Amino acid sequence: MRVTVLSPERSLYDGDADAVVAPAYDGQVGILPRHAPFLTVLGEGTLTVQHGAGATQFRVAGGFLQVVTDVIRVVADAAEPLPGA
Amino acid sequence: MAKTRELRRRIKSVQSTRQITKTMEMVATSKLKRAQDRVVGARPYATALAEVIGSLYAPEFAERFPLLRQPAPDAARRVALLLITSNRGLCGGFNANLIREARRRLQELEGQAATVELHLVGRKGISFFKFSHRTIASQRIDIGDKPTAAHAAELVAPLMARFATGELDAVEIVFAKFNSAMSTPPTTLRILPVDPPADRWSGGQAVNYILKPSAEAILEQLLPLYVRNQVFRALVETAAAEHGARRTAMKNATDSAGDILDILRRTYNRARQAQITQELAEIVGGAEALRG
């Protein structure tokens with residue numbers, strides 16, 4: 001599935017992924033391939049994008065997460081990549 | 001003799017001016033490139049936000065959200081006008097155009113018996129309205145040419161709060177829309193009440209989302225982000241437009257400095273030649289007289 005992570009300033013991630021764990025407003029949400037269409041408000045926390053080679057992590061706050069036919073968009077009000085991982 | 005010295009002095013002065021304008025042109029070109037990247041970088045977020053709001057929005061929400069509240073048609077309206085200009089000059093008619101657009105809108109609104117308060121960003125706008133003795137509701141000059149989303153949030157948060165309580169009936173923003181480096185028309189955009197973006201993305205057929213918590217609650221979260229993002233885009237586009245305008249202005253200045261130099265050099269050489277000819281004639285004349 002395809003994942004894009006967007007902040008108001010720029011696009012932080014655009015590529016394929018095997019799983020996404022995102023901080024929704026009421027707790028962590030895990031998205032795997034073939035997830036049903038889904039739209040939720042994001043809270044504050046760490047977003048993890050799992051892909052073949054490993055995982056990329058971002059610190060996000062606010063915004064929303066949208067899933068439609070294996071295309072995931074994380075549109076965060078504030079987002080920055082976390083070092084390492 | 002005096003004339004050639006005067007010409008030499010002017011040639012030097014034009015040369016050093018050209019050096020400066022040429023450097024400014026190059027600086028503006030490289031800053032334009034980066035500012036343009038920022039404009040492009042901000043696009044996906046804005047598109048995504050507009051699409052989702054468009055697909056969630058239904059007309060029946062209009063009364064439930066303060067940010068969507070349409071002003072009463074008969075009451076006297078209070079409007080906040082946010083004008084974005086640059087902090088620095090030497091960019092041609094850039095700021096003058098923005099100020100003209102703001103004054104046009106100001107007159108238009110006041111013609112409709114609205115009370116308008118001015119919120120200014122950028123030194124050029126501030127000094128103009130100070131000079132014309134208008135009351136300025138707020139001003140700031142610290143945003144510069146690398147605006148961030150946080151800047152936009154600071155600018156618009158108080159306006160949004162006052163709009164929500166009914167203290168303001170509309171908020172508009174005057175900025176330079178960045179179509180391309182060549183086309184940056186000054187534009188007035190109404191940011192409040194929010195005009196929900198059209199639902200284009202789902203192509204008419206609504207996607208059946210699992211919504212958490214609910215369409216209404218999501219919209220409530222996203223509408224302020226949408227307003228903030230419009231201000232952010234206005235800031236970013238104006239910053240890019242400023243560099244574009246400066247590059248063009250400095251290119252023109254460099255070109256005409258070159259033209260002036262050509263003319264000055266030609267005049268100088270002619271004067272120099274005339275002087276040599278005259279000196280020769282004098283020497284020959286003197287020798288003739290001695291021989292005589």
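What counts, and at which threshold
Residue numbers here run from 1 along each chain, matching the order of that chain's written sequence. Throughout, the order in which chains and ligands are written sets their labels, letters from A for the former and numbers from 1 for the latter. For a predicted model such as this one, the threshold for reporting local features is a pLDDT of at least 70, and the threshold for listing and counting side-chain atom pairs is 80 or more; totals across whole chains, interfaces and linings nevertheless cover every residue. Lines fitted to C-alpha atoms define the axes, with helix axes restricted to the stretch in contact, and inter-axis angles between N-to-C directions lie between 0 and 180 degrees. Going along the chain from the N terminus, every DSSP run of H or I of four or more residues is numbered as a helix, and every run of E of two or more is numbered as a strand. Throughout, the term roughly parallel applies to angles under 35 degrees, roughly antiparallel to angles over 145, roughly perpendicular to angles from 65 to 115, and oblique to all others. By definition, turning the near helix anticlockwise from the far helix through less than a right angle yields a left-handed crossing, and turning it clockwise yields a right-handed one. In this description, a residue-residue contact is defined by the distance between C-beta atoms placed from the backbone, which must lie within 7 Å. Under the grouping applied here, Gly and all other residues not named as nonpolar or charged are polar, the nonpolar ones being Ala, Val, Leu, Ile, Met, Phe, Trp, Tyr, Cys and Pro and the charged ones Asp, Glu, Lys and Arg. What pLDDT conveys is the predictor's confidence in a given residue, as a value from 0 to 100. The term nonpolar core refers to a set of buried Ala, Val, Leu, Ile, Met, Phe, Trp, Tyr and Cys residues connected through C-beta atoms within 7 Å. With C-beta atoms placed from the backbone, a residue is buried if 20 or more other C-beta atoms are within 10 Å of its own, exposed if 12 or fewer are, and partly exposed between those counts. Note: two strands are recorded as paired if DSSP finds a minimum of 2 bridges between them.

To continue, consider the packing of helix H2 (residues 94–111) of chain B against helix H3 (residues 123–131) of chain B. Residue and element names in this part refer to chain B. Taken N-terminus to C-terminus, the directions of H2 and H3 make an angle of 55°; their axes are 10 Å apart at the nearest point. Between H2 and H3, the angle is such that the two are oblique. Relative to H3, H2 is oriented so that their crossing is right-handed. Residues Asn 95, Leu 98 and Ile 99 of H2 pack against Lys 124, Gly 125 and Phe 128 of H3. Residue composition of the contact of H2 with H3, by class: three nonpolar, two polar and one charged.

This part covers the confidence of the model for chain B. Residues and elements named next belong to chain B. Looking at chain B, the pLDDT average stands at 88 and 95% of residues meet or exceed 70. Per-residue pLDDT, averaged within each element of chain B, yields its smallest value for strand S6 (residues 210–212) (84) and its largest for H3 (93). Taken together, the chains of this predicted complex give a pTM of 0.86 and an interface ipTM of 0.88.

Soluble globular proteins tend to bury their nonpolar side chains together. Grouped together as the largest cluster of nonpolar side chains are 89 residues, with contacts concentrated most on Val74(A), Leu49(B), Leu222(B) and Val231(B). Looking at which element gives the most residues to this core, the answer is helix H5 (residues 215–291) of chain B, with 18 residues. Beyond its immediate chain neighbours, meaning those up to four positions away, Leu49(B) contacts Val75(A), Leu222(B), Leu225(B), Tyr226(B) and Asn229(B).

All names here are of chain B. If you walk across this open sheet you meet the five strands as S3-S2-S1-S4-S5, and the pairing is mixed. Edge positions in the sheet fall to strand S3 (136–140) and strand S5 (186–192), since each has one partner strand and no second. Strand-to-strand twist of the sheet, defined as the mean angle between neighbouring strand axes without regard to direction, takes the value 20°. The pairing of strand S4 (residues 170–176) with S5 spans six bridges and is antiparallel. Bridge pairing in S5 links Val 171 to Leu 192. Each of strand S1 (78–84), strand S2 (115–121) and S3 is contacted by H3, which is oriented at about 140° to S2, the strand it contacts most.

With 22 residues of chain B at the interface, the matching set in chain A holds 22 residues. At the level of secondary structure, the elements contributing two or more residues to the side of chain B that touches chain A comprise helix H1 (2–56), S6 and H5 of chain B. Among the elements that line the side of chain B that touches chain A, the one with the most residues is H1(B), at eight residues. Classifying every residue of the side of chain B that touches chain A gives 15 nonpolar, five polar and two charged. By the bridge criterion, three bridges tie strand S5 (residues 38–41) of chain A to S6(B) in an arrangement that is parallel. Looking at the pairing, Thr40(A) lines up with Lys212(B) of S6(B).

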